[in-house]
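Take a look at the letters that make up each chain.
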Amino acid sequence: GKYTEAISALTAMIKGAPNRFDQQLYLGNAYFFSGDLEHAEQAYKQGLRLNSSSREARANLASVYSAGGKYKEAILLYETLLQEPGDHPDIHYNLSLAFRYTGDLEKAEKQCQAAIDLKPEDAEYLTCMGEIAELKGMPDEARRLYLRAVRVNSKNGWPRVNLAKLHLSRGNLSDAEIEAK
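Just so you know, these numbers come straight off a predicted model, no measurement behind them.

**Student:** Looking at this model, I keep getting lost on the overall build of the protein. Mind explaining?
**Tutor:** Secondary structure assignment for the protein yields eleven helices and zero strands. Starting at the N terminus and ending at the C terminus, the protein contains elements arranged as α-α-α-α-α-α-α-α-α-α-α. Projecting the C-alpha coordinates of the protein onto the three principal axes gives extents of approximately 60 × 40 × 25 Å. With 181 residues in all, the protein has 43% of them scored as buried. Sequence-distant contacts, at least 24 apart, represent 40% of the contacts inside the protein between residues at least 6 apart. About 9,900 Å² of surface is accessible on the protein, with carbon and sulfur atoms providing 52% of the total.

Now the structure itself:
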């Protein structure tokens, strides 16, 4: 598909100009979105050899680590990125996910809340916080967060799916059917 073509084109361009950071970054992105995490990791690392200060390449590498189950490496990189000046809602969110997958729900909640504090009307962040609330055994809080996420972005289906599953887990089939529509 389109990623295979992009990978081929970028690989050819890099052979002609091996020191182009931007092409390494684009190659890493193409590999990442194609699902080839090993080659994405290699491309981002090569990009960082060319431009070690690139925030984007470090954030993308952390995402590769997280997607590949290398949560410890992802967490370290995300925490380093958070020490840089500025607001970082997406880094807080991604760090929250990494902590969640390691089972550290307290740190996951703290990072997700930091993301929400910076972008309070982000349906994805609110849904994530709802999932954490569910995992912590707080179904009413999860429901409140899912409903808020739906109000923020009614086209995002994920909070509706989670609401339906929550209703099913509580034995409320009629509400689950309503949310599933």
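There is more to say, and it comes next.
**Student:** Quick question: what am I supposed to make of the pattern of salt bridges here?
**Tutor:** Once their charged atoms are close, side chains differing in charge can pair, the charge on each being opposite to the other. On inspection of all chains with the given rule, the structure shows twelve salt bridges. R58 is the salt-bridge partner of E84, the closest N and O atoms lying 2.5 Å from each other. Placement of the pair is E84 in the loop between α5 (71-82) and α6 (89-102) and R58 in helix α4 (residues 55-67), with a sequence separation of 26 residues. Classification of E84 by relative accessible area gives partly exposed; the value is 22%. Measuring nitrogen to oxygen at the nearest pair gives 2.6 Å for the salt bridge that ties R100 to E131. Of this pair, R100 sits in helix α6 while E131 sits in helix α8 (residues 123-135), placing them 31 residues apart in sequence. E131 sits in the buried class, given a relative accessible area of 14%. Here the residues in one salt-bridge network are E41, K45 and K70, joined through shared partners.

**Student:** Help me understand helix α3 (residues 37-50) in this model?
**Tutor:** The terminal C-alpha atoms of α3, which comprises 14 residues, lie 20 Å apart, in line with the 20 Å expected from a rise of 1.5 Å per residue. Tucked inside the fold, the buried residues of α3 contact α2 (21-34) and α4.

**Student:** What am I meant to see in the packing of helix α9 (residues 139-152) against helix α10 (residues 157-169) here?
**Tutor:** Packed helices, taken two at a time, are described by the angle between their axes plus the distance between the axes. Closest axis-to-axis distance for the α9/α10 pair is 9 Å, and the angle between their directions is 150°. Compared by their axis directions, α9 and α10 come out roughly antiparallel. The element α9 and its partner α10 pack so that their crossing is left-handed. Note on element contacts: α10 touches α9 through P159, R160, N162, L163, L166 and H167, opposite P139, A142, R143, Y146, L147, A149 and V150.

Reading the values: rules and limits
- Each chain carries its own residue numbering, running from 1 in the direction its sequence is written.
- A pLDDT threshold of at least 70 governs which residues receive local features in this predicted model, and a stricter bar of 80 or more applies before side-chain atom pairs are shown or counted, although totals over entire chains, interfaces and linings include all residues.
- As a rule here, side-chain values come from all non-hydrogen atoms in the structure, and water together with hydrogens is ignored.
- Secondary structure elements are defined from DSSP: runs of H or I of at least 4 residues count as helices, runs of E of at least 2 residues count as strands, and each element is numbered from the N terminus.
- Note on classification: 1.4 Å probe, protein chains only; a residue is buried when its accessible area is under 20% of the maximum for its type, exposed when over 50%, partly exposed between these limits.
- Residue contacts follow a heavy-atom distance rule, with two residues in contact if any of their heavy atoms lie within 4.5 Å.
- Surface accessibility follows the Shrake-Rupley procedure with a 1.4 Å probe radius. Residue values consider only the protein chains on display as shielding.
- Salt bridges are identified by distance alone: a Lys or Arg side-chain nitrogen within 4 Å of an Asp or Glu carboxyl oxygen.
- Multiplying 1.5 Å by the residue count of a helix minus one yields the expected span of that helix.
- Note on geometry: axes are lines fitted to C-alpha atoms, helical ones only across the stretch in contact, with angles between N-to-C directions running from 0 to 180 degrees.
- Roughly parallel here means an angle under 35 degrees, roughly antiparallel means over 145, roughly perpendicular means 65 to 115, and every remaining angle is called oblique.
- Should the near helix be turned anticlockwise from the far one by less than a right angle, the crossing is termed left-handed; should it be turned clockwise, right-handed.

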